[in-house]
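Chain and residue survey
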Amino acid sequence: MRLSQFSGEKSPYRLTVSTLLLTAFFLALYLLSPGLLRAEIIPPEKYLGFQPGQDFKLANWSQITAYFRLLDEASNRVKVLELGPTTLNRPLIMAIITAEENMPDLEKYRKIQERLHDPRGLSPEEKARLIKEGKAIVYISCSIHSTEIAASQMSLELAYRLASDNSPETKSLLSRVILLLVPSANPDGIDLVTDWYYRNLGTPFEASPLPWLYHYYTGHDNNRDWFMLTQKETQLMARVLYQEWFPLLVYDVHQMGSNGPRLFLPPYQDPINPNLDPLLLRELYQLTGEAVINLTRAGKTGVATNTIFDGWYNTANRAAPLRHNALGVLSEAASANLASPIFLRPSDLRVSGSGNDIQSTYLEPWPGGWWRLRDIVEYEQIVALSFLKTISEKKERFLENYCLFAERQVQKGQNEPPYAYLIPEDQSDLPTALKLLEVIQKNGAEVHQAVKTFKAGGLEYPAGTYVVLLAQPFRAFVKDLLESKAYPLPPGRDPAQYLPYDEASWTLPLQMGVRVVEVNEKFEASLKLLPPVNLPDSRIAGSGKYYLVDSSSNHSVILANRLLKNRLPVSFLDRPITAGHKTYRAGSLVIDRTRVEAARLNALARGLGLEIDSVDSVEPAKTKPLREYRLAIYQPWTASMDEGWTRWVLEQFEFDFRIVHNAEIRAGRLEKNYTHLILPSLTARSILEGRRQGEVPPEYAGGIATEGVSALNSFVQNGGVLIAVENSSDFAIEYLGLPVKNIIEPRRQSRSEGEAPGPSSDRVRVYSPGSILKVLVDSSRPETYGYDREAAIFSYFSPVFEMSKTEGPMMARVQNLAWYPAYNPLLSGILLNGEKLQHKSAAVTCELGQGKVVLLGFDVIHRAQAHGSFKFLFNPIIYR
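Residues numbered from 1 in each chain as written. Predicted model: local features only at pLDDT ≥ 70, side-chain atom pairs only at ≥ 80, totals over all residues. Heavy atoms only, no water.

1. Concerning the overall build of the protein
Of the regular secondary structure elements, the protein holds 23 helices and 39 strands. Relative to its length of 880 residues, the protein is compact, with a C-alpha radius of gyration of 29 Å against a globular reference of 29 Å. Taking the principal axes of its C-alpha atoms as reference, the protein extends roughly 90 × 70 × 65 Å. In the protein, which comprises 880 residues, the share counted as buried stands at 60%. The contacts of the protein with a sequence gap of at least 6 include a subset with a gap of at least 24, amounting to 79%. Of the accessible surface of the protein, which amounts to about 34,000 Å², a share of 50% is contributed by carbon and sulfur atoms. Considering the protein, the positive charge centre built from 94 side chains and the negative charge centre built from 97 side chains are found 2 Å apart. (Helix = DSSP H or I, 4+ residues; strand = E, 2+ residues; numbered from the N terminus. Rg over C-alpha atoms; globule rule 2.2 N^0.38 Å. Buried < 20%, exposed > 50% of the residue type's maximum accessible area, 1.4 Å probe, protein only. Contact = heavy atoms within 4.5 Å. Areas by Shrake-Rupley, 256 points an atom, 1.4 Å probe, with all protein chains shown as cover. Lys, Arg positive; Asp, Glu negative; His and termini not counted. Charge placed at Lys NZ, Arg CZ, Asp CG, Glu CD.)

2. So, the environment of R585
Within the element layout of this structure, R585 appears in the loop between β24 (582-584) and β25 (589-592). Each C-alpha atom, one on R585 and one on Y787, is 8.3 Å from the other, the two residues being 202 residues apart in sequence. Each residue touching R585, except ones within four places of it in the same chain, is listed here: S428, D550, S551, S552, L573, P576, G786, Y787 and D788. Within polar-contact distance, the side chain of R585 engages the backbone oxygen of G786 at 3.5 Å. (Polar contact = N/O pair within 3.5 Å; in protein donor to acceptor, adjacent residues only side chain to side chain.)

3. Here we look at the sheet that holds strand β27 (residues 623-625)
The sheet built from six strands is open, its strands ordered β20-β26-β21-β25-β22-β27 with mixed pairing. In this open sheet, the two edge strands, each paired with only one partner strand, are β20 (539-540) and β27. Both strand β22 (residues 571-573) and β27 contribute to a ladder of three bridges, which runs antiparallel. Following the sheet pairing, S571 is matched in β27 by P625. Where helix α16 (residues 555-565) meets the sheet, its contacts fall on β21 (546-549), β25 and β26 (611-615), and the angle it forms with β25 comes to roughly 40 degrees. (Pairing = 2+ DSSP bridges. Axes fitted to C-alpha atoms, helices over the stretch in contact; angles between N-to-C directions.)

4. A look at the pattern of salt bridges
Going through the model one piece at a time under the given rule, you end up with 51 salt bridges. Put simply, R765 and E745 hold a salt bridge, and the shortest N to O gap is 3.0 Å. On the criterion of sequence distance, the pair formed by R765 in the loop between β32 (740-742) and β33 (769-777) and E745 in the loop between β32 and β33 is long-range, its members being 20 residues apart. Look at E745 and you get buried, because its relative accessible area is 11%. Through salt bridges with shared partners, a single network forms among D221, R224, D502, E503 and R863. (Salt bridge = Lys/Arg side-chain N within 4 Å of Asp/Glu carboxyl O.)

5. Some details on unusual backbone geometry
The linkage connecting P266 with the following residue, P267, adopts the cis geometry, with an omega of 20 degrees. Inspection of the secondary structure assignment puts P267 in the loop between β6 (263-265) and β7 (269-272). In this structure, P418 follows P417 across a cis peptide bond, with omega equal to -5 degrees. Within the secondary structure layout, P418 lies in the loop between α12 (395-415) and β13 (420-423).

6. Concerning helix α11 (residues 373-393)
Over its 21 residues, α11 extends 31 Å from the first C-alpha to the last, a length consistent with the 30 Å expected when each residue adds 1.5 Å. Within α11, 18 of the 21 residues are buried, leaving the element largely enclosed by the surrounding structure. (Expected span 1.5 Å × (residues − 1).)

7. Notes on the sheet that holds strand β1 (residues 78-85)
Two strands in a sheet stick together by hydrogen bonds in their backbones, pointing the same way (parallel) or opposite ways (antiparallel). Taking strand neighbours across the sheet as the criterion, the eight strands line up as β1-β2-β4-β3-β5-β10-β6-β8 in an open arrangement whose pairing is mixed. Only two strands of the sheet have a single neighbouring strand rather than two, namely β1 and β8 (303-305). This sheet shows a mean twist of 20 degrees between the axes of neighbouring strands, independent of strand direction. Here five bridges tie strand β3 (residues 136-142) to strand β5 (residues 249-256), and the two strands are oriented parallel to one another. Among the inter-strand pairings, S141 is bridged to a residue of β5, identified as D252. Lying over the sheet, helix α9 (residues 232-244) contacts β1, β2 (91-97), β3, β4 (177-182) and β5, oriented at roughly 135 degrees with respect to β1. Contacts from α11 reach β3, β4, β5, β6, β8 and β10 (327-334) within the one sheet, and its direction differs from that of β5 by about 165 degrees.

8. Notes on the pairing of β2
Among the seven residues of β2, six are classified as buried, and the element is accordingly described as predominantly covered. Strand direction decides the pairing type here: β1 and β2, joined by seven bridges, are antiparallel. Counterpart to G84 in the pairing with β2 is L92. The loop that links β1 with its antiparallel partner β2 comprises five residues; one of these, N89, has a positive phi angle of about 70 degrees. The sheet contact formed by β2 and β4 spans three bridges and is antiparallel. The residue of β4 that forms the bridge with I97 is L179.

9. A short note on the nonpolar core
I140, L181 and L249 are the most contacted members of the largest nonpolar core, which has 167 residues in total. Here this core gets eleven residues from one element, more than from any other, and that element is α11. Excluding its chain neighbours within four sequence positions, the residues that come into contact with I140 are L158, L179, L180, L181, V182, Y251, V253 and A384. In this structure, L601, I723, L773 and I877 belong to the second largest nonpolar core, which totals 67 residues. (Core = buried A, V, L, I, M, F, W, Y, C linked by side-chain atoms within 4.5 Å.)

10. Overview of the packing of helix α4 (residues 106-117) against helix α5 (residues 124-133)
Between two packed helices, the angle of one axis relative to the other and the distance separating the axes together describe the packing. At a closest axis distance of 10 Å, the pairing of α4 and α5 adopts a crossing angle of 135 degrees. In terms of orientation, α4 and α5 fall into the oblique class. Handedness of the α4/α5 crossing: left-handed. Judged by residue contacts, K108, Y109, I112, R115 and L116 of α4 engage K127, L130, I131 and E133 from α5. Along the lines of polarity and charge, the residues of the contact of α4 with α5 split into five nonpolar, no polar and four charged. (Parallel < 35°, antiparallel > 145°, perpendicular 65-115°, else oblique. Left-handed = near helix turned anticlockwise from the far one by under 90°. Nonpolar A, V, L, I, M, F, W, Y, C, P; charged D, E, K, R; others polar.)

11. Quick notes on the layout of surface pockets
If you roll a probe as big as a water molecule over the atoms, it shows you where there is empty space left. Taken as a whole, the second largest pocket encloses approximately 680 Å³ of empty space. Lining the second largest pocket are 31 residues, with P509, L510, G513, V514 and E790 positioned closest to its centre. Its residues assigned to classes, the lining of the second largest pocket comprises eleven nonpolar, eleven polar and nine charged. (1 Å grid on protein atoms, 1.4 Å probe; cavity = no way out; pocket = protein on both sides within 12 Å on 5 of 7 lines; lining within 4 Å. Points joined across faces, edges and corners; volume = space filled by probe spheres on them.)

12. Describing the packing of aromatic side chains
Tallied over the full model, the rule gives 33 aromatic pairs. Ring centres of Y251 and F387 lie 5.0 Å apart, and the angle between their planes is 85 degrees; on these two criteria the pair is classed as edge-to-face. Note that Y251 is positioned in strand β5 and F387 in helix α11, a separation of 136 residues in sequence. The exposure class of F387 is buried, given its relative accessible area of 1%. Ring geometry for F653 against F874: centres 4.9 Å apart, planes inclined by 50 degrees, an arrangement best described as tilted. Remark: F874 occurs in helix α23 (residues 870-878) and F653 occurs in the loop between α18 (641-652) and β29 (657-660); sequence separation between them is 221 residues. Feature note: the residues F264, Y268, F309, Y313 and Y501 constitute an aromatic cluster, connected by ring pairs. Stacked on the ring of Y501, the Lys or Arg R318 has its end atom at 5.7 Å from the ring centre. Here the guanidinium or amino end of K871 rests over the ring plane of Y787, the centre of that ring lying 5.0 Å away. (Phe/Tyr/Trp six-rings, centres within 6.5 Å; stacked < 30°, edge-to-face > 60°. Lys NZ or Arg CZ within 6 Å of the ring centre and 35° of its normal.)

13. A short note on the pairing of β25
Here β25 shows a buried face lined by L589 and I591 and a second buried face lined by V590 and D592. Where β21 meets β25, four bridges bridge the pair, whose relative direction is antiparallel. The partner of L548 across the bridge, within β25, is V590. Two elements, β22 and β25, share two bridges in a ladder whose sense is antiparallel. Residue F572 lies in a different strand from β25, and its bridge partner there is L589.

14. Section: the side chain of S75
Of note, S75 is situated in the loop between α3 (61-74) and β1. Here R77 takes part through its backbone nitrogen, which lies 3.0 Å from a polar atom of the side chain of S75.

15. Thoughts on the confidence of the model for the protein
On average, residues of the protein score 93 in pLDDT, and 93% of them are at 70 or above. Segment residues 1-32 is flagged for pLDDT under 50; beyond a separation of four residues in sequence, or across chains, it makes 20 contacts in the model. For residues 749-759, every residue scores under 50 in pLDDT, and the model assigns this stretch 30 contacts once sequence neighbours within four places are set aside. (pLDDT = per-residue confidence, 0-100.)

Printed below as a string of structure tokens:
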């Protein structure tokens, strides 16, 4: 109840003396003890009508947000903030939970934490004062993976307990800690999952997987977006983590498969990324060790540590904080069937590649039996409370170490190479280079720019060069993002059996095609700290008859799409030309000034950062008109992350497209509606067969079947362009009879499907578990316009092509687009048996009838990180 409810402003009753006296009484009572007039803090089970974690019951996002707002109304310890809208326009909320006396001074404590996160210029006396006055800020994020739904339910109980419990222990805890609690980092997915669960509850499909992604674009990969920050949700939360609140603990609450340990907690297993501060990891392991003790004391068995999850990769919400001087903790609980219990025998369980036996990583096995959503809620709540209690009891030590971690990073940047990374303005694709700077800044790191010419590493760099100094608090993040990597295969691990937890490398300059210079010698330069980098408007120069836009920039594709949508004439160069002192690549846009006025072009190019030049003449023989396309993307009912990422990237570059499902493909006559069709990375079996009958409701079972194969053949033969990305190449090769062979034995299906295929005796094993490799490019082909001679591609055991010596049954003519060099192509990560790649193809086009098939044998999108290879996908659509 709020004081405004006692106001007579809207009362239908007359104000009498007694009413005024009563109002004055309540006002005085509120001022003396406002908590007395607040609404009752009701437990979640009373509000929901069931206990969080109860069998066959789930709270959806509306219920979760309504309960948190109820707590905000009822408790002086809870303040609910709406961070912003999600992808599908639901509210993303965060609850701030702390002692009542801390609430008026939240901004003061936030600023203290901000100062401690960057201790440069901080005196010892001031640091000691801030550590004493400050509060330990803890961030708990629940259910970013929406099928891992227990944490979202647990958050209700955790918040209620902290808001209502008046024990001395809880009051003491909250006096020292400010908890930032996110009930779900993917609210859209919570509703998708709960709706699907209730739809199928009590039917044969109660355990069936969702036929669509539980994040609209990324699915499970929404937890692989923690440095690229492409999605609305990660953008909002990264702002909280690295620009506003700077929590010292980020606890990311997850679930895993059902047949392993009941719960995983760090230590993380090998390999450990050398950019991580060992002191930070030691403190983290003390914190999680205390939580394991508390779980054991509560009788919770089956807890595993130092297994499954490594300390190497950088893209998840438990990994990125480790590079920002925060304790990044992952817990992974064994899953039930959402809210439906499951029964497991001891023989069903496997831990660390062994059975359910005592191990050094698994000291107290779970005996088997029923496993319920409620079990997961209890395990997770014990861990969360343990973290809060441990940190509150040693608040000053945790704050002191948080500041020390930052100091150690600054000192390393001052005393150890590399000292900086330089990003020259002279880039083949400056807008993409600025995107890289934006990623760095949005993750809280600093970017400077040279005011004057300077020398570094024996070379001279002009004013305007971007400089990312390593002597800054988030040094580990910057270095880990920008450096080339050598993945350390753990000793004794057999590459035939071992995979990195996620990927071996993510070096962003290589993926984005941005030239970055590592400086390993100290240097001096006059620099200015940059505010957030913004992409400038395009610049139109000259007054010639024709405008030229070089094809080197990805953003030229956006301009092309805008011109086509507005039905304005635009052509492209089919070979390079030199005009004035500049050479324009094949694929560069040519726009007739007499048909598109400067003001119109300027409006269409706004915000793209393009250099638009003008020349007096262009030989007509060297140009071809851009033609409108009608693009479709195949969306299976198997929830393909690659399909989702492809949709997202195409939308950012303003491609119009439609989604096609199995039924439309089987119906045939695709060439009547589409000129291009993209098959995202899927196995041949998945495309052909889809989900099994009986596994999902009938309308989502099956694939394109033989009718779909015939339809795709007809589509290409009648002039369509089929683009098969990565693993879909196997389908196109086999079912369209292409004279091409994939020589690589796959380690497993695409990461979006996760199931291992059988061995293939006629293929070779090449170990590239998420590595960045060099390819050579034939840039004279329309499919590769805009490229230089070399490019970097991302390979996760990706297909590699060899042309057959005899032509296929359809007499397809094969053209090589990109191939591996005659030397080791490894740029970052790990590559074993790489000599098998020499001279083999990474991308080919096969002309078939009146159409063609483009085979892209690598992850052309890779979680929207691989800007440097986007044109391999864009060009076959734009240039025909």
